[in-house]
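Now for the letters of each chain:
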Amino acid sequence: MKIKKYPLFFTAVTIIILAVFSSIVLFPTKQKGSEITDYSFFLNCLESKSVTSAELSDNVIIYETKNPDGSSERFETVRIDDPDLVSRLSSHGVSFYGSSQNTSPSRNFMVSWGIPAILAVLIFLLIRNKLRSPQYGTNSPSSISKSRARIYVNKDTGKSFSDVAGQEEAKEALSEIVDFLHEPEKFTEIGAKLPKGVLLAGPPGTGKTLLAQAVAGEADVPFFSISGSEFVEMFAGVGAAKIRDLFRQASAKAPCIVFIDEIDTIGKKRDSRMTSSDEREQTLNQLLTEMDGFDGRSAVVILAATNRPDSLDPALLRPGRFDRRIPVELPDIAGREAILRVHASKVVTDTNLDFNAIARATAGASGAELANIINEAALRAVRNGRNIVSQSDIEESVEVVIAGYQRKNAVISHNEKKIIAYHEIGHAIVAAKERPSAPVHKITIIPRTSGALGYTMQVDDSEKNLVTKEDALSRIAVLTGGRSAEELVFGTCTSGASNDIEKATRIARSMVTRCGMSSQFDMIALETASDNYLGGEPELICSSETAALIDKEVNSIIASAHRKALGIISDNINKLHKLAALLLEKETISGDEFMAVLDSEKRDDY
Ligand code: ADP
Ligand code: MG
Ligand code: ZN
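Conventions used here
Residues numbered from 1 in each chain as written. Chains lettered and ligands numbered in written order. Predicted model: local features only at pLDDT ≥ 70, side-chain atom pairs only at ≥ 80, totals over all residues. Heavy atoms only, no water. Helix = DSSP H or I, 4+ residues; strand = E, 2+ residues; numbered from the N terminus. Buried < 20%, exposed > 50% of the residue type's maximum accessible area, 1.4 Å probe, protein only. Contact = heavy atoms within 4.5 Å. pLDDT = per-residue confidence, 0-100. Pairing = 2+ DSSP bridges. Axes fitted to C-alpha atoms, helices over the stretch in contact; angles between N-to-C directions. Core = buried A, V, L, I, M, F, W, Y, C linked by side-chain atoms within 4.5 Å. Parallel < 35°, antiparallel > 145°, perpendicular 65-115°, else oblique. Left-handed = near helix turned anticlockwise from the far one by under 90°. Nonpolar A, V, L, I, M, F, W, Y, C, P; charged D, E, K, R; others polar. Near = heavy atom within 4 Å. Polar contact = N/O pair within 3.5 Å; in protein donor to acceptor, adjacent residues only side chain to side chain. Areas by Shrake-Rupley, 256 points an atom, 1.4 Å probe, with all protein chains shown as cover. Patch = residues over 30% accessible without salt bridge, like charges linked within 9 Å, V, L, I, M, F, W, Y side chains within 5 Å. Salt bridge = Lys/Arg side-chain N within 4 Å of Asp/Glu carboxyl O. Arc of directions from axis to C-beta.

S.K.: Can you help me understand the overall build of the protein in this one?
M.R.: Looking only at helices and strands, the protein has 23 helices and 16 strands in total. Counting all 606 residues of the protein, 43% fall into the buried class. Of all intrachain contacts in the protein linking residues separated by at least 6 positions in sequence, the fraction that spans at least 24 positions is 73%.

Next up, the structure:
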């Protein structure tokens, strides 16, 4: 039956058929031309002997009269309880007969049983139909088996390895796959099997999707791409059908690449919890089956990308499936510089940009953020009526990406501005005096859309991969510097330090629970860090007594850093006043200006 395809149409037709049918059964067609009259008119006609014939049924009388001119007319009247009716009719010589129309037992049966039964069956059919088809119209099960996977050939992605910067290891691993797709014979001759599945794992925005597109561009083979979220369907079995379809297409086009983005949406660990969804499990099972269906020589390479490799089902990661894992990590300083260069080459820039300085200022930024920084810089240049992106555009847009746009017209009272200036200079003085600590790069009290009222930017000279205990302690001291200045100068504290407090606590906590840097505990892991790239809160794994001890230890670390910061600032209280006044006046001062004042002050202090 084709009715599955057009449930709405089907519903309409059913309703029309039912309406026609029931009107026939329930309301017998009236005889043509019979006019409804009242009973007394009927009796009058009888008396005047003009009635020639009458048809009697349960509730109506249809009768025919003869007019004096010889024409006949039909009338109808509602039958009322009249015991003399029959004798009256016969006495007036009317030919009359009964009608079985309204009284037939089979008809009664139809009305009381047949129609409800038919209705019930039709409604049941309708509901079953609706539940089966995933959506109205085009998406019915029969149409799913038709092509759903889009086909991308290299022209479409337009990306190559030169578009991806700072991921040299990943590119190297993937170029082997490109070679394999170009010349599978070279590998099969020797008997080598290439990995069937390659998993790109890393934090968001590091270029996983970009890498997959670049592989397609380099390999010059058909590229089937589908995102995990496309498998999230309301109706069971649809995802599995899509997988089957995708792989059927792919094997017909081998050698080719199948790319499944965000695979964690379908590849989550199966568990026995009630929350696990049947549909997802079916889809995953289908994927596992299809991957086993290929042998290593059929030259279909399956790429997948995820932010959460820890949540993937172990069956997906076993040898023969996604057995090769390529980490795509956040770029290091050289990588950031290279990424900045790639994106800057797409916009018109000054010839002598210092990309290294920007790379140093953006520790921890992902490729996507760096691309965004360059774009923001270009937008800023246009806003300011220039047609070339300058160094200061990029520097400003680094701050935009970190802290949001400047709120030039935010209303902040002079008194508050003063507190903010002292707070920021407090941070900066501790940063300058406390070794080891990254040099101060810039201090500003221009508020930002992120809610920051001012900030002190520190930029390290080189990339740090290890954090020493001294580093961590001095970072905490710098964070407490802002509050310390407020306390010393104004004798009070403000809510402005809440963000500093949060950061300091996080550092101190991980010193105690994960890095074994406290005097209380030895090298004992008190927290588990989750193995995903999306951050997430670590979980305590210790008794509640130990948890209380941890809190105490964290507090004592921060307290001693705070004491140290107070000491540094009160030793330099004159410089604090001078620098705060300067910052209030200029709103933004560079690290060099700051250091110049700090160093010159040194001389006239004594
Ligand atoms: P994800 O890892 O989340 O899939 P994408 O590949 O979608 O990240 O990256 C988003 C954008 O960020 C890319 O389109 C590109 O412009 C930029 N980008 C990210 N990483 C890099 C990189 N290593 N080199 C150049 N651009 C990059
Ligand atoms: Mg992606
Ligand atoms: Zn602060």
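S.K.: Mind showing me how you'd approach the confidence of the model for the protein here?
M.R.: For any part of a model where pLDDT is low, the fine detail of the predicted coordinates should not be relied upon. Across the protein, the average pLDDT comes to 82, with 84% of residues at 70 or higher. Note on residues 134-147: pLDDT is under 50 here. Beyond four places in sequence and across chains, it has 23 contacts. pLDDT under 50 marks residues 151-155. Its contacts with residues more than four places away, or in other chains, come to 15 contacts.

S.K.: Just to check I follow, could you spell out the sheet that holds strand 13 (residues 455-458) for this structure?
M.R.: Consider a sheet: its strands pair through backbone hydrogen bonds, and that pairing is either parallel or antiparallel. The three strands lie next to each other as 13-12-16, forming an open sheet whose pairing is antiparallel. Edge positions in the sheet fall to strand 13 and strand 16 (588-590), since each has one partner strand and no second. Going across the sheet, the axis of each strand differs from the next one's by a mean of 15 degrees, ignoring polarity. The pairing of strand 12 (residues 440-444) with strand 13 spans four bridges and is antiparallel. Bridging across to strand 13, I443 finds its partner in T456.

S.K.: Would you mind showing me how to read the nonpolar core here?
M.R.: Here is a general trend for soluble globular proteins: nonpolar side chains tend to be buried in one another's company. Counting 43 residues, the largest nonpolar core has I425, I429, I443, I476 and F594 as the members making the most contacts within it. Elements represented by at least two residues in this core include exactly helix 18 (414-433), strand 12, helix 19 (469-490), helix 20 (498-513), helix 21 (544-571), helix 22 (573-586) and helix 23 (591-605). Of all the elements, helix 18 adds the most residues to this core, at nine residues. Residues contacting I429, with those up to four places away along its chain left out, are I568, N572, K575, L576, L579, F594 and L598. With 28 residues, the next largest nonpolar core counts F161, L181, V301 and V328 among its residues.

S.K.: For this particular structure, what's the right way to read the packing of helix 10 (residues 238-252) against helix 12 (residues 278-293)?
M.R.: The relative placement of two packed helices comes down to the angle between their axes together with the axis-to-axis distance. Their axes nearest at 7 Å, the elements helix 10 and helix 12 cross at an angle of 20 degrees. With respect to helix 12, the axis of helix 10 lies roughly parallel. Remark: the crossing between helix 10 and helix 12 carries right-handed chirality. Contacts between helix 10 and helix 12 involve V238, G239, A240, I243, R244 and F247 on the former and, on the latter, E279, Q282, T283, Q286, L287, E290 and M291. Here the contact of helix 10 with helix 12 is built from residues that sort into six nonpolar, four polar and three charged.

S.K.: Mind showing me how you'd approach the site of ligand 1 here?
M.R.: As a matter of local geometry, ligand 1 sits amid 16 residues, with A165, G205, K208, T209 and H343 nearest to it. Within the side chain of H343, one N or O atom sits 2.8 Å away from a nitrogen atom of ligand 1. Note that an oxygen atom of ligand 1 is positioned 3.5 Å from one of the backbone N or O atoms of A368. Considering ligand 1 on its own, with 560 Å² of exposed area, one finds that the protein chains cover 79% of that surface. Of all the secondary-structure elements, those providing two or more residues to the shell around ligand 1 are helix 9 (208-219), helix 14 (333-344) and helix 16 (367-383). A class-by-class count of the residues in the shell around ligand 1 yields seven nonpolar, seven polar and two charged.

S.K.: I tried to follow unusual backbone geometry on my own but got confused; where do I start?
M.R.: In most cases, non-glycine residues show a negative phi, while peptide bonds are predominantly trans. Phi at D220 takes a positive value of approximately 60 degrees, unusual for a residue other than glycine. The residue D220 is located in the loop between helix 9 and strand 8 (223-227) in this model. One non-glycine residue with positive phi stands out, namely E262, at about 50 degrees. When its relative accessible area of 32% is taken as the criterion, E262 is described as partly exposed.

S.K.: Where do I start with a nonpolar patch on the surface in this structure?
M.R.: On the surface, L119, I123 and I127 cluster together to form a nonpolar patch covering roughly 260 Å² of accessible area. Counting through the fold element by element, L119 comes out in helix 4 (residues 105-132).

S.K.: I keep staring at the sheet that holds strand 4 (residues 72-78) and nothing clicks. Help me out?
M.R.: Strand order in the open sheet formed by five strands is 1-4-3-2-5, and the pairing between neighbours is mixed. The sheet is open, and its two edges are formed by strand 1 (35-37) and strand 5 (95-98), each paired on a single side. For this sheet, the mean inter-axis angle between neighbouring strands, taken without regard to orientation, is 25 degrees. Pairing between strand 2 (residues 51-56) and strand 3 (residues 60-66): five bridges, direction antiparallel. Bridge pairing in strand 3 places V51 opposite T65. Helix-sheet contacts for helix 2 (residues 39-47) involve strand 1, strand 2, strand 3 and strand 4, and the interaxial angle to strand 3 is about 40 degrees.

S.K.: Help me understand helix 2 in this model?
M.R.: Residues spaced three or four apart along an α-helix face the same direction, because each turn holds 3.6 residues. Listed in full, the buried residues belonging to helix 2 are Y39, F42, L43, C45 and L46. All buried residues of helix 2 project into a common sector of 160 degrees when viewed along the axis, lining one side. Packing partners of the buried residues in helix 2 comprise strand 1, strand 2, strand 3, strand 4 and helix 3 (85-91). Two residues or fewer past helix 2, K49 is found with a positive phi of approximately 60 degrees.

S.K.: I keep staring at the environment of A581 and nothing clicks. Help me out?
M.R.: Relative to the helices and strands, A581 is located in helix 22. Residue A581 is classed as partly exposed on the basis of its relative accessible area, which comes to 45%. Separated by 159 residues in the primary sequence, A581 and Y422 place their C-alpha atoms 8.6 Å from one another.

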